[in-house]
Amino acid sequence: MIFGYCRISKPQQNIERQVRNIISLFPNACIMKEAYTGTALTRPVWNRLYISLKKGDTIVFDSVSRMSRNAKEGSKLYMELLKKGIELIFLKEPYVNTETYRQALSSGVELVGNDIADIYIEATNKVLKLLAAKQIELAFEQSEKEVKDLRQRTKEGIETARLKGKQIGCVKGRKLNIKKEAPAKELIKKHCKAFGGTLNDIECIKLANISRNTYYKYKREIKEELFSK
């Protein structure tokens, strides 16, 4: 069975690019979509996929970052799936596909029957295996680094804006500008008897389509604004 795992961090992001990339090469892939941070492996859709996997199954990712944004956990998961006989394919980083990794491991030098030579060759093969494993780890480290770099750029951007005198977040004590507030207050000022209109409080509440408490809050604020002028 071939699965295509597509992940975005937030629901408002576009996941279709990943789907298209996978389907273009694996048209029969069963696509699994998820909106969840890649820094955690306890993701609902991923967990369901992981549990259902059988030896010989294949998972296709648009990139390593879609599998994990955590270097340590990503590398560990990669090796677990490798041992279970699961094929992993990364469209943007084919050099870390499980097939490529297996080929690297199987391309070691054969022993020759000479004690000294065999010791040297065995050590060489161990180095080759370590290098192949390190390549996997580096791929996930790069994925994790991208997240850290993004957070750092965001932090620096906020600090730059602050130093330039721009307001970051809400000013303490300032009321939030609710979409309904301005038009509701206009209706109250225009139609409420307290401000020269013809409607009583109950009628104004229905007209503005707001709660009783909100209505009296707005009415009080309108009075304060008018009297302060």
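Coordinates for the structure precede this section.
Residues numbered from 1 in each chain as written. Predicted model: local features only at pLDDT ≥ 70, side-chain atom pairs only at ≥ 80, totals over all residues. Heavy atoms only, no water.

J.: Before we move on, can you summarise the overall build of the protein with the specific residues and values?
T.: Each helix and strand in the protein was counted, giving 9 helices and 4 strands. Across the protein, helices and strands are ordered from the amino to the carboxyl terminus as β-α-β-α-β-α-α-β-α-α-α-α-α. Within the protein, the fraction of its 229 residues that count as buried is 33%. Considering only residue pairs separated by 6 or more positions, the protein has 62% of its internal contacts joining residues 24 or more positions apart. Of the roughly 15100 Å² of accessible surface on the protein, a fraction of 56% belongs to carbon and sulfur atoms. (Helix = DSSP H or I, 4+ residues; strand = E, 2+ residues; numbered from the N terminus. Buried < 20%, exposed > 50% of the residue type's maximum accessible area, 1.4 Å probe, protein only. Contact = heavy atoms within 4.5 Å. Areas by Shrake-Rupley, 256 points an atom, 1.4 Å probe, with all protein chains shown as cover.)

J.: Outline the side chain of Thr-98, listing residues and values.
T.: With respect to the helices and strands, the residue Thr-98 is situated in helix α5 (residues 98–106). Classification of Thr-98 by relative accessible area gives buried; the value is 0%. Not counting the four nearest positions on each side in its chain, Thr-98 is found in contact with Tyr-78, Leu-82, Ile-86, Glu-87 and Leu-88.

J.: How would you sum up helix α4 (residues 71–83)? Please name residues and give values.
T.: In a regular helix each residue adds 1.5 Å, so 13 residues correspond to 18 Å; α4 covers 19 Å between its end C-alpha atoms and thus fits that length. Within α4 the residues assigned to the buried category are Ala-71, Gly-74, Ser-75, Leu-77, Tyr-78, Leu-81 and Leu-82. Looking straight down α4, one finds its buried side chains confined to an arc of 165°; they lie on one side. Opposite the buried face of α4, at more than 90 degrees from it, the exposed residues are Lys-72, Lys-76 and Lys-83. N-cap assignment for α4: the residue whose side-chain oxygen lies 3.2 Å from the backbone N of Lys-72 is Asn-70. (Expected span 1.5 Å × (residues − 1). Arc of directions from axis to C-beta. Polar contact = N/O pair within 3.5 Å; in protein donor to acceptor, adjacent residues only side chain to side chain.)

J.: Before we move on, could you go through helix α8 (residues 201–208) and cite the residues and values that matter?
T.: Where α8 is concerned, the buried positions are Cys-204, Ile-205 and Ala-208. The arc that holds the buried residues of α8, viewed along the axis, is 105°, so those residues lie on one side. Opposite the buried face of α8, by more than 90 degrees, sit the exposed residues Ile-202 and Lys-206. One side-chain oxygen of the residue at the start of α8 lies 3.2 Å from the amide nitrogen of Ile-202, identifying that residue as Asn-200.

J.: Outline the pairing of strand β4 (residues 87–90), supporting the account with residue identities and numerical values.
T.: Every second residue of β4 is oriented toward a common face, the buried set being Leu-88 and Phe-90 and the non-buried set Glu-87 and Ile-89. Direction of pairing for strand β3 (residues 58–61) relative to β4: parallel, over a ladder of 4 bridges. Bridge assignment links Thr-58 to a residue of β4, and that residue is Glu-87. (Pairing = 2+ DSSP bridges.)

J.: Let's hear about the sheet that holds strand β1 (residues 2–8): which residues, and what values?
T.: Across the sheet, 4 strands lie side by side as β2-β1-β3-β4; this open sheet has parallel pairing. Only two strands of the sheet have a single neighbouring strand rather than two, namely β2 (30–35) and β4. Direction aside, the axes of adjacent strands within the sheet are offset by 20° on average. Here β1 pairs with β2 via 6 bridges, running parallel. The residue of β2 that forms the bridge with Gly-4 is Ile-31. Helix α2 (residues 44–52) contacts β1, β2 and β3 of the sheet and is inclined by roughly 145° relative to β2. (Axes fitted to C-alpha atoms, helices over the stretch in contact; angles between N-to-C directions.)

Everything listed here is a matter of geometry and, on its own, says nothing about what the molecule does.
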